[in-house]
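In case you want the letters, here they are:
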Amino acid sequence: MARNPERRTLLADAGLRILAAAGARGLTHRAVDAEAGVPTGTTSNYFPSRSALLAGLAERIFDRMAPDPAVVADLGRREPSLALFTDYLRDVVARTTREPDLTRALWELRLEAGRRPELRAALGDVLRRGYADDVAFHVAAGLPGGAYEIALLHYAVDGLLLDLLTTSIDAGFDPDQVVSTLVSRLVGGADLAP
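Note that this is a predicted model, so its numbers are computed, not measured.

Rules of the game
Residues numbered from 1 in each chain as written. Predicted model: local features only at pLDDT ≥ 70, side-chain atom pairs only at ≥ 80, totals over all residues. Heavy atoms only, no water. pLDDT = per-residue confidence, 0-100. Helix = DSSP H or I, 4+ residues; strand = E, 2+ residues; numbered from the N terminus. Buried < 20%, exposed > 50% of the residue type's maximum accessible area, 1.4 Å probe, protein only. Arc of directions from axis to C-beta. Contact = heavy atoms within 4.5 Å. Salt bridge = Lys/Arg side-chain N within 4 Å of Asp/Glu carboxyl O. Phe/Tyr/Trp six-rings, centres within 6.5 Å; stacked < 30°, edge-to-face > 60°.

### What to know about the confidence of the model for the chain
Residues of the chain with pLDDT of at least 70 account for 96%, and the chain-wide mean is 90. When mean pLDDT is compared element by element in the chain, helix 2 (residues 29–36) scores highest at 96, while helix 4 (residues 50–64) scores lowest at 88.

If you want it as structure tokens, here you go:
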């Protein structure tokens, strides 16, 4: 198997662009080769099966969606509060809407995982690890709420993003205000973490 990490990243990024633009049905090894501008067969050297390709994309997408360390450091200098929690969540929404193709590719992966048990296992591991990391960060930062509130916000923000990045219900509410309301209503009554 090929071991060039830069080439693997190039191929995974090309695969994510295809997922966002054409969906899982458009994702083939040849399509990734063409999108990445590499010789035919290159993707197969790095991802020998469709399952391996999908699992590789699941791993790569979260590398690309990671927060900017400078933003996290800047926010981390503030005292824990509901307002700080709101600003962290605003950053999540800003990052995921700034690169909408990544979010669309993630949805395609999640839909495909519903049909493919092997992807369900791989993507599920990545999603659960991300959630656990979110909870650990939240607790370490001393923010209000806990694992349950983080789960509620995951569910709510996923719906907000779906509306922002696909066909909207056009309810007319400002997304920034929606984020603020979600935090105040779902977390507002929770205590600061010990």
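From this point, the narrative continues.
### A few points about helix 2
The periodicity of an α-helix, 3.6 residues per turn, causes residues three or four positions apart to be oriented the same way. Listed as buried for helix 2 are His-29, Val-32, Asp-33 and Ala-36. With its buried residues spanning 105° around the axis, helix 2 presents them on a single face. Opposite the buried face of helix 2, at more than 90 degrees from it, the exposed residues are Arg-30 and Ala-34. Where helix 2 is buried, its residues contact helix 1 (5–22), helix 3 (42–46) and helix 4.

### As for the pattern of salt bridges
In this structure the tally under the stated criterion is 16 salt bridges. Between Arg-90 and Asp-87 there is a salt bridge, with the nearest N and O atoms lying 2.8 Å from each other. Of this pair, Arg-90 and Asp-87 both sit in helix 6 (residues 82–98), 3 residues apart, which is roughly one turn of that helix. Two residues, Asp-91 and Arg-95, come together in a salt bridge whose shortest N-O distance is 3.0 Å. Of this pair, Asp-91 and Arg-95 both sit in helix 6, 4 residues apart, roughly one helical turn. With relative accessibility at 18%, the residue Arg-95 sits in the buried group.

### Quick word on the packing of aromatic side chains
The geometry of two aromatic rings is summed up by the distance between their centres and the angle between their planes. Enumeration according to the criterion identifies 1 aromatic pair in this entry. On the basis of an interplanar angle of 85° and a centroid distance of 5.2 Å, the ring pair of Tyr-88 and Phe-137 is categorised as edge-to-face. Residue Tyr-88 is located in helix 6, and its partner Phe-137 is located in helix 8 (residues 117–140); the two are separated by 49 residues in the primary sequence. Owing to a relative accessible area of 37%, Phe-137 belongs among the partly exposed residues under this scheme.

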